[in-house]
Amino acid sequence: MASDSNRQGAPERPIFCGEVLLALAFFAATALWLFHPAATSMWDHVFATPGGLQADGYLITWVMAWDCHALWNAPWQLFNANSFFPARNTLAGSEHMLGHLPLFAPPYAVTGNPSLAIQFTRLATVTLCAVSMFVLLRHWGAGVAAALFAGFVYGFCPARYGTVHALQLIAMPYLPLAIVYLDRALDRGRFLDGLLLALFFGLQMLCSFYLAYMTAISVGVYSALALLFRWRSGRPLHIAAPFAGGAAALLAMALSALPYTDLAAKGAIPEQADALLATFSASPWSTYATRPGTGRFARLGQAYVGILPAALCLYALWSAKRGQVSRCAVVACAAVAATMYVLSLGPYGSIGEWRVPLPYKWASTLIPGFSSMRVPLRFTFGLMFGVAALAGFGMQALLSSTALRRRPVVATAVATAAVMTTGFDYRHLDYRAQLRPVVVPGAIPPAYRVLGDLEPGPLLEVPVAIQGEDGFGGLDREARYQYLSSFHWFPILNGYTGYAPASAPIIKRIAKSLPGQRPLTLLRRMTGLRYVLVHLDQIDRELRSRWRRPQGLSLIGQYGSDRLFEVTGSQQSDLLASVVRSRSESDRTLLGHRLQPLPLGSAVRISVIRPDFGAARVVAGLPLSATLAIENRSELPWPVLTELDRLRVEVEYVWIGGDGMEDPGRLPLPYDLEPGESLSMVAAIPGPARPGVYRLTLAIVQGDRRFGSPLVVDRVEAGEWPAS
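Since the model is a prediction, treat every value here as computed from it, not as a measurement. (Residues numbered from 1 in each chain as written. Predicted model: local features only at pLDDT ≥ 70, side-chain atom pairs only at ≥ 80, totals over all residues. Heavy atoms only, no water.)

Participant: Could you give an account of helix α23 (residues 503-512), with specific residues and numbers?
Facilitator: Judged by how many residues are buried, α23 sits mostly within the fold: nine of ten residues are covered. Here α23 has its buried residues at S503, A504, I506, I507, K508, R509, I510, A511 and K512. (Buried < 20%, exposed > 50% of the residue type's maximum accessible area, 1.4 Å probe, protein only. Helix = DSSP H or I, 4+ residues; strand = E, 2+ residues; numbered from the N terminus.)

See the structure below:
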């Protein structure tokens, strides 16, 4: 595009190494100032996740550490991560984030500290986003001051600094560089430029699937307009090099997506409903016009564009029409911004009472995998690419005016004032980086240091939480277990991810029934379980006594409130393969029991061990943790581990309000129950939807049939959420 700019009268401005280093120093200093004190506490602190849930932060750090571990030791096992053992392709339950490795891997290899490496990667990513936009604007012929302003808008917009903890979203440093080498490959036809296009295009798409779609759409829109402008101007076109580079990048992305397409085909990664997409879509105006909030409203305004950048975008369009700046680049950036804006609006728009399908809906139908994305608003990051570039062109047109062109000092002052004004508008002065401490090398809990010296084997950490059933605190624990596994890399039965494998709830429900010989035997048969690490300080007082001398476990050592056990005896892992396979077509349960209706007169017993409902306070809308005692007093085994709902034995709960409204649901049992067998089951009973006084009934059911007399708790009070 530089030549296009020159043809329209703009002077040639080659990019020098010195000015890139100047931009790097400026943007690095800005990042250190904005995110202080993150830089001085990178060793043992990371950015906190808004809302208090830290599971995603642990997940991102573990993913990056696993990528390095797997690629160094066994690249062919990359997607078979160590969590949710023995499930396969568990890394595909979340983003693989391979595109971040150039920044993450070096500090991780040197220090062995995944938290330091992830914090460095976040700060470096924001800085390099700004630098790469600077390089792109200079490539397009803009001056240093205008390019610095564009880089500032791109790197430090609210969308980026407001979600700095979400590395999979903020990292778009390679897209501007991909555009640079796309231009050069089109102009020169050199395969070196095509190779660099493949490198940067590929790295950007490998950062996350959201960014992959934004990148592919942006490069596609830009390429079409670049070819059109070159063809209309009669300039020679070199197609081979850019085509080869783009094809290589797309091939790399397609290969990395194969495990995800396999999970999607099995239903593990669902398509998102329109109602959910609408919840997370942008509004046509207010989303981008609301300034960032502070305090408890800090997440508001994260898509804010800014007054001055928006005004300069309009000025750039007007200036391109007059030939003051590159018309091709301006039109292409405007097209990219408009495309991302429309996609951020979600699948439907409204005109009065009419619901109109938007391009997001069409893309969900036509583009493989697009329908699995659940937050259209995230296309804001692609929008800011076009906005920042246009704002830079607007600044260039302003600084190139007759009044300022002959006064470089005044022009520099104008650009500096624009940066300061935009930073004030973005509320940089009000931003305070929220950090939290994390476990790092040198401060690893003793139990995990001992694990590192043991022979590897499947590990279970207790207490256990199931995604979709237990509360946020349990998910944080599971994610922390997963993060701490990066210090020993044993296969673990625990885990947290976006889409958990089908075997995870089966195994975790059995684990919730520990200690006990039957659940321990089942876990050994299903997973080859070898070690159990129990965190007594996270278990209810009534349950701790059961872990003093658990059956089938030998104590390795006690380390504060942590007890590390090894499974004793020999047990064949005969269910290891079948536990991860679908059983929907089988006429037997996973444990081999025949699927059959139970006689209506089957005797059962169900009781509550804890809590004392007369003293416990239920919070409306949140799960209630309860321990239930259940006994099969019939003459037939209860089928539990089956996918056939009509034959599976479950616990039915019903909340009955004072107005007679019922709020029913079902709780799965952990495993098949033999005749005369009993179990103690830890269950998360979803609370009633609204505050009030309720009657709770619990019963054993199979399909639409109920057995025995239900257990009735006459009065349970459900209160409001605690005030924040």
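Participant: I'd like a description of the sheet that holds strand β14 (residues 678-686), backed by residues and values.
Facilitator: Taken together, three strands build an open sheet; the order of strands is β9-β11-β14 and the sheet is antiparallel. Looking along the sheet, the strands with just one partner apiece sit at the ends: β9 (604-610) and β14. Strand after strand, the sheet turns through a mean of 35° between neighbouring axes, direction not considered. As defined by bridge partners, β9 adjoins strand β11 (residues 623-632) across six bridges and the pair is classed as antiparallel. Across the sheet, the residue bridging to S607 is A629, located in β11. (Pairing = 2+ DSSP bridges. Axes fitted to C-alpha atoms, helices over the stretch in contact; angles between N-to-C directions.)

Participant: Mind laying out the environment of E461, listing which residues take part and the relevant values?
Facilitator: Counting through the fold element by element, E461 comes out in strand β5 (residues 459-462). Separated by 224 residues in the primary sequence, E461 and L237 place their C-alpha atoms 60 Å from one another. Apart from residues lying up to four places away in sequence, E461 is in contact with Y448, Y481, N494, L533 and H535. Side chain to side chain, E461 and H535 meet in a polar contact 2.7 Å long. (Contact = heavy atoms within 4.5 Å. Polar contact = N/O pair within 3.5 Å; in protein donor to acceptor, adjacent residues only side chain to side chain.)

Participant: Outline the packing of aromatic side chains, supporting the account with residue identities and numerical values.
Facilitator: With the rule as written, the count across this model stands at 27 aromatic pairs. Here Y161 and Y431 contribute two aromatic rings whose centre-to-centre distance is 5.0 Å and whose plane-to-plane angle is 70°, an arrangement assigned as edge-to-face. One end of the pair, Y161, is in helix α7 (residues 158-161); the other, Y431, is in the loop between α20 (408-425) and β4 (435-437), and 270 residues separate them in sequence. On the basis of relative accessibility, which here comes to 17%, the residue Y431 falls in the buried class. Cluster of aromatic residues (ring-pair linked, three or more members): F26, F27, F152 and F156. Over the face of the ring belonging to Y154 we find R160, whose NZ or CZ atom lies 4.6 Å from the ring centre. Cation over ring: R378 sits above Y210, and NZ or CZ is 4.9 Å from the ring centre. (Phe/Tyr/Trp six-rings, centres within 6.5 Å; stacked < 30°, edge-to-face > 60°. Lys NZ or Arg CZ within 6 Å of the ring centre and 35° of its normal.)

Participant: How would you explain the nonpolar core if you had to name every residue and give the values?
Facilitator: F27, F35, M133, L137, W140 and F370 are the most contacted members of the largest nonpolar core, which has 167 residues in total. When residues no more than four places from it in sequence are discounted, the contact partners of L137 are A142, A147, A150, A389, G392 and F393. L523, L628, L698 and V713 belong to the second-largest nonpolar core, a separate cluster that totals 59 residues. (Core = buried A, V, L, I, M, F, W, Y, C linked by side-chain atoms within 4.5 Å.)

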